[in-house]
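What follows is each chain in one-letter form.
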Amino acid sequence: MRRVIVNTTPLIALCHIGQLDLLKKMYGEIMIPQAVYRELSQKKESICKKQVDSSLDWIYVEEIENQMAKSMFKTQLHDGEVEVMILAKERHADIVIIDDANAKKHAKYLKLPVTGTLGVLIKAKRQGYISELKPIIQEMIDKNIYISEKLMRLCLEQVNEDFIE
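This report concerns the structure included in the present document.

Procedures and definitions
Residues numbered from 1 in each chain as written. Predicted model: local features only at pLDDT ≥ 70, side-chain atom pairs only at ≥ 80, totals over all residues. Heavy atoms only, no water. Axes fitted to C-alpha atoms, helices over the stretch in contact; angles between N-to-C directions. Helix = DSSP H or I, 4+ residues; strand = E, 2+ residues; numbered from the N terminus. Parallel < 35°, antiparallel > 145°, perpendicular 65-115°, else oblique. Left-handed = near helix turned anticlockwise from the far one by under 90°. Contact = heavy atoms within 4.5 Å. Nonpolar A, V, L, I, M, F, W, Y, C, P; charged D, E, K, R; others polar. Buried < 20%, exposed > 50% of the residue type's maximum accessible area, 1.4 Å probe, protein only. Core = buried A, V, L, I, M, F, W, Y, C linked by side-chain atoms within 4.5 Å.

## Regarding the packing of helix H7 (residues 117-126) against helix H8 (residues 134-142)
Between H7 and H8, whose axes approach to 10 Å, the crossing angle comes to 155°. Taken together, the axis directions place H7 and H8 in an arrangement best described as roughly antiparallel. Between H7 and H8 the crossing geometry is right-handed. Within the contact between the two elements, H7 uses Thr 117, Leu 118 and Leu 121 and H8 uses Ile 136, Ile 137 and Met 140. Looking at side-chain class alone, the contact of H7 with H8 contains five nonpolar, one polar and no charged residues.

Have a look at this one:
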């Protein structure tokens, strides 16, 4: 089984478009650190927390072992991002799913294999889990998840879909 560690933003994005189960289909199971679960729990009526809670048979909430390592990270990262990287190092993750550009830079510096929500969706299209990427990206945009037109075009090119306004 692949070791997949996921940050808060990709979970929220996938929950808001009803695609959280893509992670189960593609990876079987995922891990989230305690800090990510806390971030999801901040809003009492969080749609995403409810979906994650009902998926705890394949989403595992894990505690990082090295709490001291958190102090080594720059303060510009959120707790969830920091714990994702620490957990990924501790568990020898096969992939880390993070959307924040700065956090991705840190993950790459730590030599962690990293992708984001759109990378997961591109892979899902290539593997046949979704038939079209464009409507999913459009739904993300409609749900106030920012994706630039340039990035949308780039993603659609990678899966041979046309960008038509």
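## Details of helix H1 (residues 8-16)
Buried within H1 we find Thr 8, Pro 10, Leu 11, Ala 13, Leu 14 and Cys 15. Two residues or fewer after H1 comes Gly 18, characterised by a positive phi angle close to 70°.

## Regarding the nonpolar core
In this structure, Leu 11, Leu 23, Tyr 27, Ile 30, Ile 32 and Leu 133 are the most contacted members of the largest nonpolar core, which totals 55 residues. Among the elements that make up this core, the one with the highest residue count is helix H5 (residues 79-90) (six residues). Those residues in contact with Tyr 27 that lie beyond four places of it in its chain are Met 1, Arg 2, Val 4, Ile 95, Ile 97, Val 120 and Lys 123.

Remember, this is a structural readout, not a statement about activity or role.
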